[in-house]
Amino acid sequence: MSLELRDLRKKFGPTAALNGLSLSVPRGEFLALLGPSGSGKTTLLRVVAGLEFAESGAIEIDGRSMRDVPARKRGIGLVFQHYALFRHMTVARNVAFGLEVRPRRERPSAAAIRARANELLDLMGIGELAQRYPEQISGGQRQRVALARALAIEPSLLLLDEPFGALDAKVRKNLRIWLRDLHDRMGLTSIFVTHDQNEALEMADRVAVLQAGRIEQVDTPDRLYAEPVNAFVHEFLGESVRLDCVVADGVARFHNIPDVCLPTGCAAGPAIALLRPHEIGLLPGPGPAHVESVHAAGPMPRIRLALAGRIVEVLLPEGAALPMVGQSRGVDLSRARIYSAA
Amino acid sequence: MRLARRSVLPGFGLTLGLTLTWISLIVLLPLAALVLRPWELGISGIWHSLTEPRVLAALRLSFGAAALAAAINVPLGLLIAWVMVRYRFPGRGLADSVIDMPLALPTAVAGISLTALFAPKGWIGALLVPLGIKVAYTPLGVLVALIFVGLPFVVRMLEPVIVDLPADAEEAAATLGATRLQTLWRVVLPALGPTLLAGFGAALARGVGEYGSVIFIAGNMPMVSEIAPLLIVIRLEQLDYAGAAALGVATLVLSFVILLLINRLQRRFARS
Amino acid sequence: MTRLRRGALIALTLVMMTLLLLPLGVIFTQAFARGWGAVLEALTDPEAVDAIRLTLMVAAVSVPLNAICGTAAAWCIGRFQFPGRALLMTLIELPFSVSPVISGLVWVLLFGANGWFGPWLDHHGIRVIFALPGLILATVFVTFPFVARSLIPLMREQGAGEEEAALTLGANGWQTFLRVTLPNIRWALLYGVLLCNARAMGEFGAVAVVSGHIRGQTLTMPLYVEALFNDYDWVGAFSVAALLSLLALVTLGLRFALERRMGSSRRDIV
């Protein structure tokens, strides 16, 4: 199924949690909602699930408006950040819940419900936990139970709120691969919320970057990394080196770095140049950068330069000649992306 | 404009409606009758009704005994709470359940048993006779009953605060050369101050209104050992509804004013 | 020195605990002063049986009423944000800060012979004061806060996550309440009902005012204790008192069991 969000707005008191947010998710996609805390990710998820209500805007699933459809009839599977498992029910009963509460006409037989719950638990690889209670199992296992419970109702759309937030690093890594695989095998359409850029970039088909209740950019991970549309996205996704500059007559110039001028389509006025550490080149001759330290451990040597009044980290390509500490060297900033500072 | 922030959970209207209806019928309507009734006497009538010597004596006894009992319960309660939280000893579990005994016993039951205990031939009363102390059927009896019912309030309010008391402050004070007594006086008591006051207030408020556990042991002599709640009952029996209501409102207002003062004191305490 | 002080403090505490236990001792020794036979006789006296029956009846009406309304109050206060919530909470707790005598008095002011609705009721032959309805009303007033008070902190602490999950899984309002909320609050609800019931059966001041002390008709057990005591029938008074004390002890025991079950020192001071 496909999801279409148009111009959603919602306020909590004076602050806008959703500020004119639009997004469309085609069938079968695995989309990550990435943003700092407070950017509206969770609110968006809850609005889509029907647990919160937007003040204006439209939500459509397969072209059908969700405006008057209550949460319990949306058929959306939601995996809560802290799982919200029913603490007084066994794992099996948790998974069976969505089927047991169906109206009598649509409800499968008790045996069928039990079979379906066990099947899902087996699929999650936790069949042996069926008779345990949530407090008797680990965080990673709870996560799988929450997922099985959400999948039991055969949701048209699966929403996951920080699915790995409460887990330790190692469990997290394994679950990522497993979850992505599960999504593909079951032919789901999924949206998951995260504040971890690596998670988003590794798992998702596309990533939507949120800030202050609106989407800054939606793109595939590689394009997002290579062509961020603004400084926020650039800095949020991966290490960034930031230098102030001024744009005039279609070129950007730097205050304390003479001889560097970069052509840009950016509007005239103060601007920001952003680069990834490996995009900065070290020129052979002397120049404005002063080598502060050199760390050659690891595949790519890491150099700290004092440049234009700040300390800048540079990653040199493998096997590059190392500068000496204390040298002054020229820098190649030609791969910088220039964004207007306004 | 909606009353509640829109929520996906159902039942807000139903439960709020039920609650408001119930509170209006069970709490607000009766209290309205209480507050409005005295005015049929007129201001001067209310004044006369409340300044009868017998009323003043009853109010003095009720508030005086309640305040004294609460003041005695503060150190007693502190001692018990401290021992219960800080020490492990045989019988501690049993002792913990005994603390609630005065509240668990129905007040009338507590009342007659205290009377039997302190009557001249009772287990404790007999011991006091040679000393020339009479408890049952005197104002002292009122005090004893109020100490009995008020103690659990102080203990139960203090316990969680003592649990949360950071032990390191005491240890730091000790390493700085403070004696045990200095530590108690300068470190522990200030930290517990607001709670001690709150416990005092709770025990006092309970004591002012207390009826069942007091009337048996009090002897109920007008002007001497007659408590305010009993005087309310007597006025009702004389069909003096307005007078009963006036006295009821007066005790309520007095208690609330005292609690308010304690509350402000507590806040100042907490700030300093 | 430290050990000595510690020992002295503990000893002092134990002495006070013993003093607190003395009334209980008195009740049972006085009741059994003339042996088992006298106790049984006192408890099977027709008037005693009437008192027991009346007490059970009052509790059987007022406790369920307060349990339902208390749960409703806990649901709207513990699960929703709305202006006036704090005020509502204060109103719910109000009966606890009112003297038992006043809790009875207010009903006389409404329904007594000289009360607001007294003449009207009289004209229609309905008796509230000095009758069962008055006893129930006074008891309901006094015991109203227990259930809401034991539920609200728990419901706040648990949050609405599980209810929301139930809704996204397709449950309707009643299913959510019965299958998710109720099981989660059951021990706290039982706790509130337990305290509510103990108070309902043991209440003295409030019912004393509305009862009229008609023997065999409007005497609940605590009022019957008073009547016997004033008649100098100490064995009788203390026998019924012993029965009430047993109820108190059982309640206390269950309370501790429930507190352990709920896993914290969530304790209501009333």
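Residues numbered from 1 in each chain as written. Chains lettered and ligands numbered in written order. Predicted model: local features only at pLDDT ≥ 70, side-chain atom pairs only at ≥ 80, totals over all residues. Heavy atoms only, no water.

### Focus on the domain arrangement of chain A
When the parts of a complex come together, some accessible area is lost, and that lost area is often taken as the interface size. Residues and elements named next belong to chain A. Partitioning chain A into structural domains gives domain 1 (3-229) and domain 2 (239-340). If you average the C-alpha positions of domain 1 and of domain 2, the two centres end up 41 Å apart. Taken together, domain 1 and domain 2 are joined by zero salt bridges. Our count for the contact surface shared by domain 1 and domain 2 stands at three residue pairs in polar contact (both at pLDDT 80 or more). Broken down by class, the residue content of the side of domain 1 that touches domain 2 amounts to four nonpolar, no polar and no charged. (Domains from an automatic or database assignment. Salt bridge = Lys/Arg side-chain N within 4 Å of Asp/Glu carboxyl O. Polar contact = N/O pair within 3.5 Å; in protein donor to acceptor, adjacent residues only side chain to side chain. Nonpolar A, V, L, I, M, F, W, Y, C, P; charged D, E, K, R; others polar.)

### Topic: the interface of chain A and chain C
Facing the 21 residues of chain A at the interface are 18 residues of chain C. Taking both sides of the interface into account, the surface hidden between chain A and chain C amounts to around 1,800 Å²; carbon and sulfur atoms contribute 59%. A salt bridge links A:Arg46 to C:Glu164; the nearest nitrogen and oxygen atoms lie 2.6 Å apart. Taken together, the links from chain A to chain C amount to six residue pairs in polar contact (both at pLDDT 80 or more). Elements represented by at least two residues in the side of chain A that touches chain C include exactly strand S6 (76-79), helix H2 (91-100) and helix H4 (139-152) of chain A. If one sorts the elements of the side of chain A that touches chain C by residue count, H2(A) sits on top with four residues. Residue composition of the side of chain A that touches chain C, grouped by class: 13 nonpolar, two polar and six charged. (Contact = heavy atoms within 4.5 Å. Buried area = accessible area lost by both parts, 1.4 Å probe. Helix = DSSP H or I, 4+ residues; strand = E, 2+ residues; numbered from the N terminus.)

### Some remarks on the sheet that holds strand S10 (residues 214-219) of chain A
All names here are of chain A. With mixed pairing, six strands are arranged side by side in an open sheet as S6-S7-S8-S3-S9-S10. Either end of the sheet is taken by a strand with one partner, and the two such strands are S6 and S10. Averaged over all adjacent pairs, the angle separating strand axes in this sheet is 20°, with direction ignored. As defined by bridge partners, S6 adjoins strand S7 (residues 157-161) across four bridges and the pair is classed as parallel. Following the sheet pairing, Val 79 is matched in S7 by Leu 160. Relative to S7, helix H1 (residues 41-49) is tilted by about 150°, and along the sheet it contacts strand S3 (30-34), S6, S7, strand S8 (190-194) and strand S9 (206-211). (Pairing = 2+ DSSP bridges. Axes fitted to C-alpha atoms, helices over the stretch in contact; angles between N-to-C directions.)

### Brief notes about helix H10 (residues 173-202) of chain C
Its 30 residues give H10(C) an end-to-end C-alpha distance of only 37 Å, which falls more than 12% under 44 Å, the value for a rise of 1.5 Å per residue. Sitting at the amino-terminal end of H10(C) is C:Asn172, which places a side-chain oxygen 3.2 Å from the backbone nitrogen of C:Trp174. (Expected span 1.5 Å × (residues − 1).)

### Overview of the pattern of salt bridges
Residue and element names in this part refer to chain A. Scanning all chains against the criterion turns up 42 salt bridges over all chains. Arg 116 is the salt-bridge partner of Glu 154, the closest N and O atoms lying 3.8 Å from each other. Taken as a pair, Glu 154 in the loop between H4 and S7 and Arg 116 in helix H3 (residues 110-123) lie far apart in primary sequence, 38 residues in all. Linking Asp 184 and Arg 180 is a salt bridge whose minimum nitrogen-to-oxygen distance equals 2.9 Å.

### Re the nonpolar core
Membership of the largest hydrophobic core comes to 229 residues, with the highest contact counts inside it found for A:Leu3, A:Leu33, B:Phe118 and C:Trp107. At 18 residues, the largest contribution of residues to this core is made by helix H3 (residues 53-86) of chain B. Those residues within four positions of B:Phe118 in sequence are excluded, and the remaining contacts are B:Ile124, B:Gly125, B:Leu128, B:Val135, B:Ala136, B:Val144 and B:Ile217. One finds A:Leu34, A:Val95, A:Ala130 and A:Ala152 within the second-largest nonpolar core, a separate group that totals 46 residues. (Core = buried A, V, L, I, M, F, W, Y, C linked by side-chain atoms within 4.5 Å. Buried < 20%, exposed > 50% of the residue type's maximum accessible area, 1.4 Å probe, protein only.)

### Looking at the packing of aromatic side chains
Here the structure, examined in full by the defined rule, presents 18 aromatic pairs over all chains. Ring geometry for A:Phe86 and A:Phe97: centres 4.6 Å apart, planes at 50°, overall tilted. Placement of A:Phe86 in the loop between S6 and H2 and of A:Phe97 in helix H2 is noted, with a sequence separation of 11 residues between them. The residues A:Phe86 and A:Phe97 share a single accessibility class, namely buried. Relative to C:Phe177, the ring of C:Trp75 lies with its centre 5.8 Å away and its plane at 85°, an arrangement referred to as edge-to-face. Of the two residues, C:Trp75 sits in helix H3 (residues 46-79) while C:Phe177 sits in helix H10, which places them 102 residues apart along the sequence. Look at C:Phe177 and you get buried, because its relative accessible area is 17%. One aromatic cluster in this structure is built from B:Phe12, C:Trp75, C:Phe80, C:Phe82, C:Trp174 and C:Phe177. (Phe/Tyr/Trp six-rings, centres within 6.5 Å; stacked < 30°, edge-to-face > 60°.)

### Section: the interface of chain B and chain C
Of the residues lining the interface, 83 residues belong to chain B; the matching set on chain C comes to 89 residues. Between chain B and chain C, roughly 7,500 Å² of surface is buried when both sides are summed, and carbon and sulfur atoms account for 84% of that area. Viewed at the interface, chain C and chain B are joined by zero salt bridges. Sorting elements by how many residues they give to the side of chain B that touches chain C places helix H1 (residues 12-36) of chain B first, with 19 residues.

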